[in-house]
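Structure assessment
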Amino acid sequence: MKNIKKMKKIIISIITLCSFVAQAQNANKAKTLLDEVYNKMISYDNIYIEFRYNLDNISENINQEIKGNVTLAKDKYVLNYMGATKIYDGNKSYTIIPENEEVVIESTSEEETSITPSKMLTFYRKGYTYKWDIEQNVRGRKIQYVELKPQKASDVKQILLGIDVQTKHIYNLIEIGKNNTKTTITVNTFKTNQPIPANLFKFDKEKYKKEGYYISEL
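Residues numbered from 1 in each chain as written. Predicted model: local features only at pLDDT ≥ 70, side-chain atom pairs only at ≥ 80, totals over all residues. Heavy atoms only, no water.

Look at lysine 74: it is not a glycine, yet its phi comes out positive at around 60°. On the secondary structure map, lysine 74 appears in the loop between β2 (62-73) and β3 (76-81). Phi is positive for methionine 82, which is not a glycine, with a value near 55°. Here methionine 82 shows up in the loop between β3 and β4 (84-88). (Helix = DSSP H or I, 4+ residues; strand = E, 2+ residues; numbered from the N terminus.)

Here is the structure:
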């Protein structure tokens with residue numbers, strides 16, 4: 001009887017160990033893929049993306065779809081989204097809102113917790129645990145998903161990052177909140193190393209002053 005109990009404990013220990021090893025391999029596999037994506041992204045001089053942003057919350061009867069585009073060059077970007085333009089020059093952000101004839105200037109470290117189209121290519125580098133998820137065929141493209149979960153307290157329950165297996169480019173990002181709000185950012189167009197104006201990431205304050213914009217600095 002003692003031998004049987006001892007054998008059961010050994011079997012349970014082996015199963016637990018195998019499960020732990022499998023989970024570790026799973027996480028390492030996911031991290032390796034994300035590292036490949038990141039190294040690919042930073043190898044480009046600039047990236048231009050046209051995207052679709054969907055916000056869904058069935059319980060609140062919310063369904064919203066917005067299109068936009070963003071040009072990124074290292075830590076700088078220009079984001080056109082919801083009728084506004086946001087310029088980040090690596091130090092400050094400038095949000096230009098033509099409808100209100102207003103410009104909001106903010107000194108920021110870009111440490112916001114929300115994931116925006118301008119940050120979706122690199123946000124996963126820290127603060128998350130990784131898990132290998134499903135692979136889907138999307139119009140002939142193999143999209144491998146990696147599940148990410150915040151390591152710290154967050155309103156986000158989980159994130160699924162869809163990666164094109166062949167190009168190592170991000171196809172989409174699905175964020176599910178603890179309130180069951182689902183946010184999806186899908187890349188429709190992805191171009192790299194495009195010719196861009198030298199002053200693209202510079203904000204011309206005098207221009208907007210002359211045009212009568214109200215400029216507030218936070």
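All right, on to the sheet that holds strand β10 (residues 170-177) then. Pairing is mixed in the open sheet, where 12 strands are placed in the order β7-β8-β9-β10-β11-β1-β2-β3-β4-β5-β6-β12. Here the strands that pair on one side only, and so sit at the sheet edges, are β7 (128-138) and β12 (214-217). Adjacent strand axes in the sheet meet at a mean angle of 15° when their direction is disregarded. Pairing geometry for β2 and β3, over six bridges, is antiparallel. Each residue of the ladder has a partner; that of threonine 71, found in β3, is valine 78. (Pairing = 2+ DSSP bridges. Axes fitted to C-alpha atoms, helices over the stretch in contact; angles between N-to-C directions.)

So, on to the pattern of salt bridges. Enumeration according to the criterion identifies five salt bridges in this entry. Among the ionic pairs, lysine 205 bridges to glutamate 217, the shortest N-O distance being 2.8 Å. A residue pair is termed long-range when its members are at least 10 positions apart, and lysine 205 in helix α2 (residues 205-210) and glutamate 217 in strand β12 qualify at 12 residues. On the basis of relative accessible area, lysine 205 is assigned to the partly exposed category, the value being 30%. Each of Lys31, Asp35 and Arg125 takes part in salt bridges that share partners, so that together they form one network. (Salt bridge = Lys/Arg side-chain N within 4 Å of Asp/Glu carboxyl O. Buried < 20%, exposed > 50% of the residue type's maximum accessible area, 1.4 Å probe, protein only.)

Across the protein, pLDDT averages 84, with 83% of residues at or above 70. Across residues 2-25, confidence stays below pLDDT 50; counting only partners more than four residues off in sequence or on other chains, it has zero contacts. (pLDDT = per-residue confidence, 0-100. Contact = heavy atoms within 4.5 Å.)

Relative to the helices and strands, lysine 191 is located in strand β11 (residues 182-192). Residues within four places of lysine 191 in sequence aside, it is in contact with Asn46, Ile47 and Tyr48.

In this section: the packing of aromatic side chains. Applying the stated rule across the entire model yields nine aromatic pairs. Taking 4.7 Å as the distance between ring centres and 15° as the angle between the ring planes, the aromatic pair formed by tyrosine 94 and phenylalanine 203 counts as stacked. Of the two residues, tyrosine 94 sits in strand β5 (residues 92-97) while phenylalanine 203 sits in the loop between β11 and α2, which places them 109 residues apart along the sequence. In this structure phenylalanine 203 comes out as buried when scored by relative accessible area, which is 16%. A centroid spacing of 5.7 Å and a plane angle of 80° characterise the contact between phenylalanine 123 and tyrosine 124, whose relative ring orientation is edge-to-face. Note on accessibility: phenylalanine 123 and tyrosine 124 belong to one class, buried. Aromatic ring contacts, followed pair by pair, group Tyr94, Phe203, Tyr208 and Tyr213 into a single cluster. One cation-aromatic arrangement involves arginine 125 over tyrosine 38; the distance from NZ or CZ to the ring centre is 3.8 Å. (Phe/Tyr/Trp six-rings, centres within 6.5 Å; stacked < 30°, edge-to-face > 60°. Lys NZ or Arg CZ within 6 Å of the ring centre and 35° of its normal.)

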